[in-house]
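Structure assessment
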Amino acid sequence: MSVAFAGNSTTGSSREAGPLRVMIVDDSVVIRGLISRWVGAEHDMEVAASLRTGLEAVNQLERINPDVAVLDIEMPELDGISALPQLLAKKRDLVVIMASTLTRRNAEVSFKALSLGAADYIPKPESTREASAADTFHHDLIQKIRHLGARLRRKPAVASPPLAPAIPAPAARAPVVARPAAPALAPSSGALSTRPFSTQAPKVLLIGSSTGGPQALMALVTELGPVIDRFPVLITQHMPPTFTTILAEHLARSSRRPAAEAVDGEPVKPGRIYLAPGGKHMRVVRSGADVAIALDDGPAVNFCKPAVDPLFTSAIDIWHGAILSVILTGMGSDGMRGGKDIVAAGGSVIAQDEASSVVWGMPGAAAHAGICAAILPLNQIGAKVNRLFAGDRS
């Protein structure tokens, strides 16, 4: 397949149709072989190259001309975090998915990669001999390649590098255990219908996100200080353990408010951000006169763990219709059913719009379900949330 190289183009020409060209960069021959077989088995993607080092990827990028690169972090000669900016300098619209094992250091490096322009991240299993871990890695990786690549194909070629909200990198994305993403929604044509905001004053802010969520959350919480100070804020981001620990630290720095992974049984109070820990569903329950966190190690919901729907639906028993929920960028449709329940109880839902979303799966599902009171660009959501908690009902 011949594809016009768009790395230095300043024109608005759209990309050719055809299979997504995937470049696999990993020093493990086993991982390269696995990913090559998985990609080769898909009708809408093909292996453009399978390389051992970041240096090979940088040197051969123009010749290979991939749409998507799956880039390992730890490699000889040139590691992933060093190769990333060089790859994006040569092809600025290249979709780069960072791959790493679940260690604290690799999670920190993955977060740093997002701030440098990586589109997403994925945790590699410690051992490919563990069937369930390999199956999850397989499914999540293919979904990320497909959905992130589809977004690339819909956009015109641009000269500027991808913009990612700055992520503090004092120490240096998760799984986005966003598993089966629902079929990609077609780009919206025309205005989607919205409903009025609730007449009830919100008493809690609930946020759900997945692919692209870390960047979106970091940008959003910087604007929510007045809300965090007076009301509880609970967030479910599709992510594995270790990654959520580091995300909470970044949220605390960005918001300048306490933020941490939620602990089972702890009271829910204003003035802090509660983040669902990786591998656990987060719900809220009544504990005497108080509200408490309840962590659940049950099965995945919407193929995700943590999932957004359990948080959304559990909150109705506590706050009834006095709930404002926000659904940010992400694959799949998690949050839509819980959002429906919140609206039925008298609460409100805001969805991030398509143009500002990395993947318009979760917010798109909510928008197309007709449950949203507003569908807004990311940079307008914080101000709207502040106004709603301050008494605005429009």
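Description of the overall build of the protein
- Scanning the protein from terminus to terminus reveals twelve helices and 14 strands.
- By the burial criterion, 56% of the 394 residues in the protein qualify as buried.
- Split by element, the accessible area of the protein, about 14800 Å² in all, is 54% carbon and sulfur.

A short note on the pattern of salt bridges
- One pass over the structure, following the stated rule, counts 17 salt bridges.
- The partner of Glu249 in a salt bridge is Arg104, with the nearest N and O atoms 2.8 Å apart.
- Here Glu249 falls in the partly exposed class, since its relative accessible area comes to 27%.
- Salt bridges linked by common partners bring Asp26, Asp72 and Lys124 together as one network.

Concerning the nonpolar core
- Of all hydrophobic cores here, the largest spans 63 residues; its most connected members are Met23, Leu205, Ile207, Ile350 and Val385.
- Ignoring any residue separated from it by four or fewer positions in sequence, one finds Leu205 in contact with Leu224, Val227, Pro232, Val233, Leu234, Leu324, Val326, Val385 and Phe389.
- Ranked by size, the runner-up nonpolar core spans 28 residues in total, among them Val268, Met282, Trp319 and Ile327.

Re the packing of aromatic side chains
- This model, assessed by the stated rule, comprises four aromatic pairs.
- Look at Trp38 and Phe137: their rings are 5.6 Å apart centre to centre, the planes differ by 75 degrees, and that puts the pair in the edge-to-face class. With Trp38 in helix α1 (residues 29-40) and Phe137 in helix α5 (residues 131-154), the pair connects residues that are 99 residues apart, well separated along the chain. Grouping residues by exposure puts Trp38 and Phe137 together as buried.
- For the ring pair Tyr121 and Phe243, a centre distance of 5.5 Å and an interplane angle of 15 degrees mean the geometry is stacked. In terms of burial, Tyr121 and Phe243 fall into one category: buried.
- Every member of this aromatic cluster is reached through a ring pair, and the members are Phe111, Tyr121 and Phe243.
- One Lys or Arg, Lys144, reaches over the ring of Tyr121 and ends 5.7 Å from the middle of that ring.

So, the sheet that holds strand β2 (residues 45-51)
- Taken in spatial order, the five strands line up as β2-β1-β3-β4-β5 in an open sheet, and their pairing is parallel. Only two strands of the sheet have a single partner each, and these edge strands are β2 and β5 (120-124). Strand-to-strand twist across the sheet, computed as the mean angle between neighbouring axes with direction ignored, equals 25 degrees.
- Alignment of strand β1 (residues 20-25) against β2, held across six bridges, turns out to be parallel.

Parameters and conventions
Residues numbered from 1 in each chain as written. Predicted model: local features only at pLDDT ≥ 70, side-chain atom pairs only at ≥ 80, totals over all residues. Heavy atoms only, no water. Helix = DSSP H or I, 4+ residues; strand = E, 2+ residues; numbered from the N terminus. Buried < 20%, exposed > 50% of the residue type's maximum accessible area, 1.4 Å probe, protein only. Areas by Shrake-Rupley, 256 points an atom, 1.4 Å probe, with all protein chains shown as cover. Salt bridge = Lys/Arg side-chain N within 4 Å of Asp/Glu carboxyl O. Core = buried A, V, L, I, M, F, W, Y, C linked by side-chain atoms within 4.5 Å. Contact = heavy atoms within 4.5 Å. Phe/Tyr/Trp six-rings, centres within 6.5 Å; stacked < 30°, edge-to-face > 60°. Lys NZ or Arg CZ within 6 Å of the ring centre and 35° of its normal. Pairing = 2+ DSSP bridges. Axes fitted to C-alpha atoms, helices over the stretch in contact; angles between N-to-C directions.

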